Amino acid sequence: MGVRGLQGFVGSSCPHICTVVNFKELAEHHRNKHPGCTPTIVVDAMCCLRYWYTPESWICGGQWREYFSALRDFVKTFTAVGIKLIFFFDGMVEQDKRGEWVKRRLKNNREISRIFHYIKSHKEQPGRNMFFIPSGLAIFTRFALKTLGQETLCSLQEADYEVASYGLQNNCLGILGEDTDYLIYDTCPYFSIGDLCLESLNTVMLCREKLCESLDISLADLPLLACLLGNDIIPEGMFESFRYKCLSSYTSVKENFDKKGNIILAVADHISKVLRLHQGEKKLEEMLPLGPNKALFYKGVASYLLPGQISPWFFQKPKGLMTLDKQVVSMSSDPESKQEVPMCTDLESKQGVPMCTDPESKQEVPVYTDPESKQGVPVCTDPESKQGVPVCTDPESKQGVPVCTDPESKQGVPVCTDPESKQGVPVCTDPESKQGIPMCTDPESKQGIPMCTDPESKQGVPICIDPESKQGIPMRTDRESKQGVPMCTDPESKQGVPICIDPESKQGIPMRTDPESKQGVPMCIDPESKQGVPMCIDPESKQGVHSKYKREVPICTHTEIKQKLPLGADPEFELEAPMCTDPAIKQQDLMNTEPEVKQVTMVSDPEILKVARAHHVQAESYLVYNIMSSGEIECSNTLEDALDQALPSQAFVYRPVRQRVYSLLLGDGRDVTSTCPTVKEWFVYSGNPLRHPDLVRPLQMNIPGGTPNLKLLWLNQEPGIQGRRLDALLGCFDLSSSREELQAVENPFKALCCLLIYLFVQVDTLCLEDLHAFIAQALCLQGKSTVQLVDLQPDYIDPRAVQLGSLLVRGLTTLVLVNSACGFPWRMSDFMPWNVFDGKLFHQKYLQAERGYTVEALVEQNRSRLTKFHALKSVVCKACVKENRRIISRQLWRSHQPGRWGRQGSGSHRTSSGHSRAGQGQHWRDQGPGNRQYEPDHWRRYSSSSGPHSSRCAGQPYAREERSVRDGGRSESSSRELPRQCPQEGQMLGGGQRAEALPVPVTLGESAPLP
């Protein structure tokens, strides 16, 4: 995180930058300096998760009660000394940082592999040096802090910018985190969470002013330094050769510094002694080897500029000058600058005129003082009026060009003379032909727009430049977006018709405005009616298709118009990303140079988007706004054993739920999933290289009474709507048939039962002992104190139990998503893990169930718990029977199957449709990595006559053959698709037989008799 090598440099080479401070003393000083203002610390929560997670055990799924207690103590300590805390969480991954996100996830995969290898070898938790934060920690920390009454915000981009911006604009005491980017931002003081002693409230403050002194650069140079060293936007290798070039010419190499430290010193020295000499005269690309990375580099530097800040490294080229035949006759004192300036005599007025030197011709030219800027502007004599006219130098021809003053920007604009009116017309330079093009002023943006003369009306018409043909295309202003829309002439009506650019043929396609969405829809000519009809893009042929022949989502053409995006915008969906979540802070473009782009989202209803955005910013929902705004979500690593073929990844287990959520959020209450766009999923699972997102289509929902729209679920407050919200939630899990049974369950076990039913229907390798462990730990948790949980020690660590714990916790995060999307039919507290799950307790119950402990022993001989246990088990088992899933004991499997339970070659994940279930999506083993679309297979159904397992071959034409390639103790897997043979009646696809990694198709085992 942050700037490459800077953390180590500060710690080892410049320790004087770090100062030990006390928060209690700082708060007192702040109150004295700002009476009536509460000392506030902005907390980058993502940097603090490792510090906050103090429980010794982390491998079993999380010690959530202990963690909640640690958070409460943290908050209490600061509250006791009168310090207010504001917590920020990352709300989404910016596109520019996706590569870095992927790099870290792949690194985490390797760490997780080592963790499971250690567990299998030692049957214990690895040391803290291999610590990996429990799954879902960031998500549940948000809700824990809100439960503790803390102000918790979720960013609309990566949180560090919003943290720095909030700290600066709200006069905060400082920022608490662990990211060297906070040394680069020009904001309030930065404090280290890693060095915080909670008992004394002492920590280390890292002073950016002292850093600048050590490097002999200014605060404004820090963003430039950060990008040259490499950060989350600029890859470290981009300027590697440049850095070594700086090091080779650096004459003050410190022998006591390491190589990275000397590189930082050398780059800073180059900035201060080389780049600064030409600051304001040359652009950065003229001084640095930016090459094709210029735009990315400038964006990286600009990403550190907070609202209202500018960088001296964004060079504004001075206006050119033109010479005139005037002679210097005297020197005069300029009243503004108090400096001596040369003068000449104007031949017409016989008065003295100030002079300046043209940097191109090196000759003296007359100037006049601009009344607005108070600066001197060169002039020439107009042959018609005989009056002085301001001029500038054309950068191509190096000749003087007359200018006029734009009344809006107050800046000089080149002009040419209209041969008809004999009046000056503003012009701009065509980058291709290098010739002047007349301009007009857009009344909305107040900016100059190229224009041409309409041969019919003889009037000027705005134009845009086609990037392919390099020719001007007439435009008109769209009434809705207030933006220019390309036009063509209808040969029939002779009127202008808006067009869009086909990304394949690069040709213009006529459009019309959809009255519902207010967006442009491509058109084609119906050969029968000879009239324009809406057109869609065939994903196979990439060509336009008549809408009555193929129903598809009209493609968005905004990305083809090649509009510039403001900083912080999503380059794919052109989603404007506001820079700060504080509504009191005015958002503004960092450089004030880019045109405003209308927000393009997956959902067009502004009222619904506003509600979703508010819930997102206030950290009350999870992933909902991401889906509705950009259509792109991500999920980080989970403690999953890549070598265990029996348990599928949580990414696949819960995908059908997410697919139904997509239908709910993007379908606008319609039961037609074909019209919903795909959602990009960046989910980490074994074998996924994360080169591309998975393209996942929404899945048809089966809700009594039809799928409700979001306005009904989110905005309607009528008494009966809560029931509709619950119907939607159960519909997302495809458990509408179990509504009555679940309603009878008391809190907080209602949500847990819902999750367990879904899990046991989906994953065939879960057995009765697993169900007993899940229910017993939830019941016993209610009667245990935090101290009792701390003292709990499982006999040993089982790798399967580790993955089961993570699988359940990921299910709880999925419940947060579903509950948010459905309008909160259930209380969030009912599926917070500190109320229903404890990692060590589950591990203990799992091991006891494995050894054959009775139910009475599992619930610790408590009669009340025993009664609840049987009630909860009955609800889960009956609901599974409705879905043709019978949960049987592992002992029965062992008596009928050779080998150990738990490793199945294939078919262990039930994603085929049940007897009464609509399609659920692809089998998890067919959902491979890569840029592939995942669509529901609605034709997959159980055969009512062939038993609960017969459909596991239906709709699954391929099995994945796994090979083990061992080289020097390292195991790799290769796979290829093989035809899958259907088992006969009475066989179960991938049954209890442990299928070791073999170069042949997996043997199908006989199913055990059902109880």
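Structure's up top.
Residues numbered from 1 in each chain as written. Predicted model: local features only at pLDDT ≥ 70, side-chain atom pairs only at ≥ 80, totals over all residues. Heavy atoms only, no water.

Novice: Give me the lowdown on the sheet that holds strand S4 (residues 151-154), citing residues and values where you can.
Specialist: Taken in spatial order, the seven strands of this open sheet run S1-S7-S6-S5-S2-S3-S4, and their pairing is mixed. Of all the strands in the sheet, just strand S1 (18-22) and S4 have a single pairing partner and so form its edges. Here the strands of the sheet are splayed against their neighbours by 30° on average, with no regard to which way each runs. As paired elements, strand S5 (residues 174-177) and strand S6 (residues 190-192) share three bridges and run parallel to each other. Each bridged residue has a counterpart across the sheet, and for Ile 175 the counterpart in S6 is Tyr 190. Across the sheet, helix H2 (residues 23-33) is in contact with S1, strand S2 (40-44), S5, S6 and strand S7 (202-206); its angle to S1 comes to roughly 75°. Relative to the sheet, helix H3 (residues 45-52) contacts S2, strand S3 (84-89) and S5, its axis offset from that of S2 by approximately 80°. (Pairing = 2+ DSSP bridges. Helix = DSSP H or I, 4+ residues; strand = E, 2+ residues; numbered from the N terminus. Axes fitted to C-alpha atoms, helices over the stretch in contact; angles between N-to-C directions. Contact = heavy atoms within 4.5 Å.)

Novice: An account of the nonpolar core is needed here, citing residue identities and associated values.
Specialist: Core analysis: the largest hydrophobic core is formed by 213 residues, its most contacted members being Trp 52, Phe 74, Phe 78, Phe 297, Met 628 and Leu 665. Judged by nonpolar contacts, the second largest core, of six residues, contains Val 93, Trp 682, Val 684 and Leu 690. (Core = buried A, V, L, I, M, F, W, Y, C linked by side-chain atoms within 4.5 Å. Buried < 20%, exposed > 50% of the residue type's maximum accessible area, 1.4 Å probe, protein only.)

Novice: Give a detailed account of unusual backbone geometry, specifying residues and quantitative values.
Specialist: Glycine aside, the phi torsion of most residues is negative, and most peptide linkages are trans. Going from Asn 747 to Pro 748, the amide bond is cis rather than trans, its omega being 5°. Here Pro 748 is to be found in the loop between helix H21 (739-743) and helix H22 (749-762). Despite not being glycine, Asn 171 has its phi angle at roughly 50°, a positive value. The exposure class assigned to Asn 171 is partly exposed, which follows from its relative accessible area of 36%.

Novice: Any chance you could break down a positive patch on the surface for me, citing the residues and the numbers?
Specialist: Together, Lys 103, Lys 107, Arg 110 and Arg 114 make up a region of like positive charge exposed at the surface. With respect to the element layout, Arg 110 can be found in helix H5 (residues 98-122). (Patch = residues over 30% accessible without salt bridge, like charges linked within 9 Å, V, L, I, M, F, W, Y side chains within 5 Å. Areas by Shrake-Rupley, 256 points an atom, 1.4 Å probe, with all protein chains shown as cover. Salt bridge = Lys/Arg side-chain N within 4 Å of Asp/Glu carboxyl O. Lys, Arg positive; Asp, Glu negative; His and termini not counted. Charge placed at Lys NZ, Arg CZ, Asp CG, Glu CD.)

Novice: Account for the side chain of Asp 179, with residues named and values stated.
Specialist: Relative to the helices and strands, Asp 179 resides in the loop between S5 and helix H8 (181-184). Lys 97 provides the closest opposite charge to the buried, unpaired Asp 179, separated from it by 6.8 Å. A distance of 3.3 Å separates a polar side-chain atom of Asp 179 from the backbone nitrogen of Gly 2. A polar contact is formed between the side chain of Asp 179 and the backbone nitrogen of Asp 181, at a distance of 3.0 Å. (Polar contact = N/O pair within 3.5 Å; in protein donor to acceptor, adjacent residues only side chain to side chain.)

Novice: Can you tell me about the packing of H3 against helix H6 (residues 137-147), naming the residues and giving the values?
Specialist: Packing of H3 against H6 leaves a shortest axis separation of 11 Å and a crossing angle of 95°. By the angle class used here, H3 and H6 are roughly perpendicular. Contacts between H3 and H6 involve Met 46, Leu 49 and Trp 52 on the former and, on the latter, Leu 137, Ala 138 and Thr 141. By residue class, the composition of the contact of H3 with H6 is five nonpolar, one polar and no charged. (Parallel < 35°, antiparallel > 145°, perpendicular 65-115°, else oblique. Nonpolar A, V, L, I, M, F, W, Y, C, P; charged D, E, K, R; others polar.)

Novice: Requested: an account of the side chain of Asp 830, with residues and values cited.
Specialist: Within the fold, Asp 830 resides in the loop between helix H25 (799-821) and helix H26 (833-836). A distance of 2.9 Å separates the side chain of Asp 830 from the side chain of Arg 827, its partner in a polar contact. Ignoring any residue separated from it by four or fewer positions in sequence, one finds Asp 830 in contact with Asn 747, Pro 748, Ala 751 and Val 836.

Novice: Before we move on, can you summarise the pattern of salt bridges with the specific residues and values?
Specialist: Here the idea is simple: oppositely charged side chains can pair when their charged atoms come close. Overall, the coordinates contain 30 salt bridges when judged by the stated rule. Residues Glu 681 and Arg 658 are paired through a salt bridge, measuring 2.9 Å at the closest nitrogen-oxygen approach. In this pair, Glu 681 is assigned in strand S28 (residues 679-683) and Arg 658 in helix H18 (residues 655-666), connecting sequence segments 23 residues apart. Taking the relative accessible area as the measure of exposure, Arg 658 reaches 3% and is therefore buried. With a shortest N-O distance of 3.1 Å, Glu 860 and Lys 845 are connected by a salt bridge. With Glu 860 in the loop between helix H28 (855-858) and helix H29 (863-882) and Lys 845 in helix H27 (residues 839-850), the pair connects residues that are 15 residues apart, well separated along the chain. Here the residues in one salt-bridge network are Arg 4, Glu 100, Arg 104 and Asp 232, joined through shared partners.

Novice: Got a sec to walk through the packing of aromatic side chains? Specific residues and values, please.
Specialist: Following the criterion strictly, the structure yields 26 aromatic pairs and no others. Seen from their ring centres, Phe 74 and Phe 78 are 5.0 Å apart, and the 50° between their planes marks the pair as tilted. Here the residue Phe 74 and the residue Phe 78 both occupy positions in helix H4 (residues 64-80), the gap between them amounting to four residues, near one helical turn. Grouping residues by exposure puts Phe 74 and Phe 78 together as buried. (Phe/Tyr/Trp six-rings, centres within 6.5 Å; stacked < 30°, edge-to-face > 60°.)

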